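# Per-entry structural report
Here is how the chains run, residue by residue.
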Amino acid sequence: MVQEMASDWQSPQNLELPKEELRSLLLEAQGFSKKINTLSEISLKIDDTVSRDEILEILRTEIGKLIDGEFCSLNLLNASRSHFTINALTQMGAAMNFNHQVFNANAGMTGWAIQNQTSIFVDIAMCPSFNASIEGNLREKGIKSLLLTPLRTSSDVVGALCFGSTLPDAFHTPDKWLVQLLGFHIASALRRVAMFDNAQKRLTQIELVNNIAGKLTSTLDLEKLLISAAELIQKNFNYFDVTIFSVDKEAQEVVLVAHSGSYVDFLPHGYRQKLGQGLVGWVGQYGEKVTANDVSTNPRYLAVAYHNTNSELAIPIKVGSEVVGVLNVEDTKLYAFDETDVLVLDTLSDQLGTAIHNATLYNEVKETNKKLLELDKLKSDFVGIVSHDFRTPLSSVMLAAKSLLKKEPIASDRHFREYLNIIVDQAAKLSQLAEDTLTITKVESGQLSYYFKLVNVETLVKEAISMVKFSGKHKLDYDIELDASFVKGDQSKLRQALQNLVSNAVKYSPKGGKVDVSVVNYSDDEILFSVCDEGIGIPSEQRDKLFQKFSRVESAEVNNIKGSGLGLWICREIIKAHGGRIWVESEPGLGSKFKFTLKKGN
Ligand code: ADP
């Protein structure tokens, strides 16, 4: 290059030249040095920029001061170096239809300069690489000569700078040097801002991905989740159109389930496409992503009448290895998606897969739970109805048997009496079982209502005792402290609980003994009830489970005593509803003490 310069531009000192010529050379040298100053001014301004648009703006206002010519454009390659976009820097260029258009990387003279990495003067009539849409258009506007220089950094070519003039042979070697120097400067600045942009974009994208991922994992409603995913992706990344399809394996179709962006009015929710058909259908079937940065060259692209899509990126959404959907992004720009977009959307579709998996699991659990609750309610209703309907006929049976027991000659017949007593006894047990079952059903379905009032403890104890059948083997006693005379509670429920404890005390003391009911002042606001017996007692390892439903002590002794294991559970529920506690203390073989607390009534 230096040699070339020496032959074209020789120093005037070495030459014997006529005065006129010397003067014009000096003027030319002065002009050149002025342009060098302009160049360094432009370079300084470019050094201060942080964006590509700023560089373009500086060139649009300053480039005319550097090189004469009606046309100038900065033709920039894309990141993958496959295409370049023309950016006009002068008025003439701005009005031409190739401005902002994308061309193949080897198109026209720009392509030539890029491929050969060389500056070139061109007579437009004799281009080595003529392109009708570029050079052809320039020629129509009267451009006769061109000067092109590749934009080179030390390692790379990022585009070309193109100048055009309506004068033939308008550009010369000094222009080429200036343009080359400027080109080098622009290329370095572009690389710098691209790196900055890239870092910035990545940072923003990482933030957005995090943000979106957080939002996706926080919702378990599948439909809402997909709709908000499409919206978040489209709005945050400013994509033209984002759709999410689910895969319907049975129908062998993909179904549109969420949509956000410019095509929303055209593609309705529920729109279906065959698996394998179009880009989305293909991705749905084969589970591999497709980046089509120029859909016209992709044979799988399914053109839709209203679409002006030029780029499409379709990514499978997987749960494990199964393709459950497709995340599809479209854009009207050519080459809209770079590596970062692919990476970001890949990550998001992964997140979507996980979120869909969670939501599906949640829905399944919710559905099962709903069914279980329905079944449970049906069971409760059934048990409730049955046990309720048992009690009326049982009462009639008991009543009839009791009346017969009083009638002659049945009353004096030993056999009749014995049989009728068995009928009364068994009917009473069945009736108690029905009563307990009904109480359980009511407790579990939340239908057991309590009517709290001030309850006289002595009345309560007497009522409960009066309802228990004692045999001659048992001796009953009760004792109520003076300052434990009133409690707050539901009288009939408390009577039921106390009656159950007293009846157990009798039942589980088959050899007889003392049954003591005592009520004492327990604390500032509590009263303690105790029901003590001298019966069979309860082994310590079995005490904890006794308050559970259907739980009985496992022993031969207890097996001989009839029971359902429901009474203590009901007692605990009643005491709990009164804000009290119930527990048992026992010595196997010596007896048991069932104790519970209630709130004082004064
Ligand atoms: P049921 O008496 O109908 O079996 P409960 O729920 O009233 O049901 O009692 C559960 C179990 O606790 C009884 O089966 C029995 O094993 C034990 N139990 C209850 N009260 C006593 C008691 N006073 N002495 C010994 N064991 C008792």
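Residues numbered from 1 in each chain as written. Predicted model: local features only at pLDDT ≥ 70, side-chain atom pairs only at ≥ 80, totals over all residues. Heavy atoms only, no water.

Counting its secondary structure elements, the chain contains 15 helices and 19 strands. Taking 2.2 N^0.38 as the reference for a compact globule, 602 residues should give roughly 25 Å; the C-alpha atoms of the chain span a radius of gyration of 48 Å, well beyond that estimate. Of all 602 residues assigned to the chain, the portion counted as buried reaches 44%. Within the chain, counting contacts between residues at least 6 apart in sequence, those at least 24 apart form 60% of the total. When the accessible area of the chain is evaluated, it comes to approximately 32100 Å², of which 54% is carbon and sulfur surface. Distance between charge centroids for the chain: 11 Å, based on 64 positive and 75 negative side chains. (Helix = DSSP H or I, 4+ residues; strand = E, 2+ residues; numbered from the N terminus. Rg over C-alpha atoms; globule rule 2.2 N^0.38 Å. Buried < 20%, exposed > 50% of the residue type's maximum accessible area, 1.4 Å probe, protein only. Contact = heavy atoms within 4.5 Å. Areas by Shrake-Rupley, 256 points an atom, 1.4 Å probe, with all protein chains shown as cover. Lys, Arg positive; Asp, Glu negative; His and termini not counted. Charge placed at Lys NZ, Arg CZ, Asp CG, Glu CD.)

Ranked by internal contacts, the top residues of the largest apolar core, which has 43 residues, are V461, V487, L498, L501, F529 and F596. Where this core is concerned, the elements lending two or more residues are α12 (457-466), α13 (491-507), β16 (513-521), β17 (526-532), α15 (567-577), β18 (582-587) and β19 (591-599). Top element by residues in this core is α13. It accounts for seven residues. Once residues within four sequence positions are removed from consideration, L498 is found in contact with L460, V461, A464, F529, V531 and F596. (Core = buried A, V, L, I, M, F, W, Y, C linked by side-chain atoms within 4.5 Å.)

So, on to the site of the ligand. Neighbouring residues of the ligand: 21 residues in total, closest N504, Y508, R552, S564 and L568. Here an oxygen atom of the ligand and a backbone polar atom of V553 are 2.9 Å apart. Isolated, the ligand exposes 520 Å² of accessible area, and the fraction of that covered by the protein chains is 98%. Elements represented by at least two residues in the shell around the ligand include exactly α13, α15 and β19. The leading source of residues in the shell around the ligand is α13, at four residues. Of the residues assigned to the shell around the ligand, the class counts are nine nonpolar, nine polar and three charged. (Near = heavy atom within 4 Å. Polar contact = N/O pair within 3.5 Å; in protein donor to acceptor, adjacent residues only side chain to side chain. Nonpolar A, V, L, I, M, F, W, Y, C, P; charged D, E, K, R; others polar.)

The next thing to look at is helix α6 (residues 132-140). Among the residues of α6, I134, E135, G136, N137 and L138 are the ones counted as buried. Buried-residue contacts for α6 involve β1 (71-77), β2 (83-88), β3 (102-104), α5 (108-116) and β5 (145-152). The distance from a side-chain oxygen at the start of α6 to the backbone nitrogen of S133 is 2.8 Å, and the residue carrying that oxygen is N131. In the segment just after α6, G142 is the residue with positive phi, at about 95 degrees.

Attention now goes to the packing of helix α10 (residues 339-406) against helix α11 (residues 414-444). The axes of two packed helices give the description: the angle between them and the distance between them. Closest axis-to-axis distance for the α10/α11 pair is 8 Å, and the angle between their directions is 155 degrees. What the angle tells us is that α10 and α11 run roughly antiparallel. When you trace α10 past α11, the crossing you get is left-handed. Residue composition of the contact of α10 with α11, grouped by class: 16 nonpolar, eight polar and six charged. (Axes fitted to C-alpha atoms, helices over the stretch in contact; angles between N-to-C directions. Parallel < 35°, antiparallel > 145°, perpendicular 65-115°, else oblique. Left-handed = near helix turned anticlockwise from the far one by under 90°.)

Quick look at the pairing of strand β12 (residues 322-331) now. Buried residues dominate β12, accounting for eight of its 10 residues. For strand β7 (residues 241-248) and β12, the ladder comprises six bridges, and the chain directions are antiparallel. By the bridge assignment, F245 is partnered in β12 with V326. The loop that links strand β11 (residues 311-319) with its antiparallel partner β12 comprises two residues; one of these, G320, has a positive phi angle of about 65 degrees. (Pairing = 2+ DSSP bridges.)

Evaluation of the coordinates by the stated rule reveals 11 aromatic pairs. Each ring, one from F547 and one from F594, has its centre 6.4 Å from the other, and the planes form 70 degrees; the classification is edge-to-face. One end of the pair, F547, is in the loop between β17 and α14 (556-559); the other, F594, is in strand β19, with 47 residues separating them in the sequence. For F547, a relative accessible area of 8% puts it in the buried group. (Phe/Tyr/Trp six-rings, centres within 6.5 Å; stacked < 30°, edge-to-face > 60°.)

For the rest of this paragraph, the subject is the pattern of salt bridges. Considering all chains together, one arrives at 20 salt bridges under this definition. D516 is paired through a salt bridge with K514; the nearest N and O atoms lie 3.7 Å apart. Overall, D516 belongs to the partly exposed group, its relative accessible area being 25%. Classification of K514 as partly exposed rests on a relative accessible area of 35%. K545 is the partner of E554 in a salt bridge, and the nearest nitrogen-oxygen pair spans 3.0 Å. A single network of salt bridges, built from pairs that share partners, joins D248, E253, R272 and K274. (Salt bridge = Lys/Arg side-chain N within 4 Å of Asp/Glu carboxyl O.)

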